[in-house]
Amino acid sequence: AEATKLRQEEKAKNMQTIKDSQEAQTAVAQALTVLKEFYEKAGDATALLQQQPVAPEIFDSPYKGMQAENGGVVGMLEVIESDFARLEADTKAAEASAQKEYDTFM
């Protein structure tokens with residue numbers, strides 16, 4: 001009876017972890033989509049350009065933010081997304097293993 005109770009608690013915790021990691025992956029993917037769309041459009045933005053007879057060299061190429069600097073925000077979010085995917089996979093594997101041990105024990 002004690003083993004069954006512990007197994008049920010462990011299973012509930014694992015299922016919640018899997019659910020949370022799936023929701024987090026969805027949220028991070030949505031954030032990545034928004035950021036990528038923003039950076040695509042940012043290169044065309046001209047609202048803050050100074051109006052001069054000759055534009056300075058700095059405006060020769062579209063602004064792409066600091067995406068390339070050490071991976072930037074987009075790179076960081078991609079790492080976070082893969083971390084959540086790994087957490088989900090590891091938890092599913094642990095759950096399957098724990099269930100198999102429980103079945104063997106009972």
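In what follows, the accompanying structure is described. (Residues numbered from 1 in each chain as written. Predicted model: local features only at pLDDT ≥ 70, side-chain atom pairs only at ≥ 80, totals over all residues. Heavy atoms only, no water.)

### Examining the nonpolar core
Counting residues in hydrophobic clusters, the biggest one holds five residues: Val28, Leu32, Tyr39, Val74 and Leu77. Of all the secondary-structure elements, those providing two or more residues to this core are α1 (2-42) and α2 (72-105). Ranked by residues supplied to this core, first place goes to α1 with three residues. What Val74 contacts, discounting residues up to four positions off in sequence, is Leu32, Leu35, Lys36 and Tyr39. (Core = buried A, V, L, I, M, F, W, Y, C linked by side-chain atoms within 4.5 Å. Buried < 20%, exposed > 50% of the residue type's maximum accessible area, 1.4 Å probe, protein only. Helix = DSSP H or I, 4+ residues; strand = E, 2+ residues; numbered from the N terminus. Contact = heavy atoms within 4.5 Å.)

### Some points on the packing of aromatic side chains
Taken as a whole and assessed by the stated rule, the structure comprises one aromatic pair. Both rings, one in Phe38 and one in Tyr39, keep their centres 5.4 Å apart while their planes meet at 65 degrees; by these two values the pair is edge-to-face. (Phe/Tyr/Trp six-rings, centres within 6.5 Å; stacked < 30°, edge-to-face > 60°.)

### Let's talk about the environment of Ala24
Along the chain, the position of Ala24 falls in helix α1. In the structure, Ala24 is positioned 60 residues away from Phe84 in sequence and 6.9 Å away in space, judged by C-alpha atoms.

### Points about α1
Here α1 contains 41 residues, and its C-alpha end-to-end distance of 59 Å stays within 8% of the 60 Å for a straight helix at 1.5 Å per residue. Those residues of α1 that fall on the buried side of the exposure criterion are Arg7, Asn14, Ile18, Ser21, Ala24, Gln25, Val28, Leu32, Tyr39 and Ala42. For α1, the elements touching its buried residues are α2. (Expected span 1.5 Å × (residues − 1).)

### A look at the environment of Glu101
Looking at where Glu101 falls in the secondary structure, it is placed in helix α2. In the structure, Glu101 is positioned 94 residues away from Arg7 in sequence and 10.0 Å away in space, judged by C-alpha atoms.

### Things to note about the environment of Ala89
The topology assignment puts Ala89 in helix α2. With a relative accessible area of 44%, Ala89 lands in the partly exposed category. Residues Ala89 and Ser21 lie 68 residues apart in sequence; the distance between their C-alpha atoms is 9.6 Å.

### Let's talk about the pattern of salt bridges
Applying the stated criterion to the full structure yields seven salt bridges. Across the pair Lys5 and Glu9 runs a salt bridge, and its minimum N-O distance is 3.7 Å. Separated by four residues within a single helix, Lys5 and Glu9 lie in helix α1, roughly one turn from each other. With a relative accessible area of 47%, Lys5 lands in the partly exposed category. Because the salt bridges share partners, they merge into one network encompassing Arg7, Glu10 and Glu95. (Salt bridge = Lys/Arg side-chain N within 4 Å of Asp/Glu carboxyl O.)

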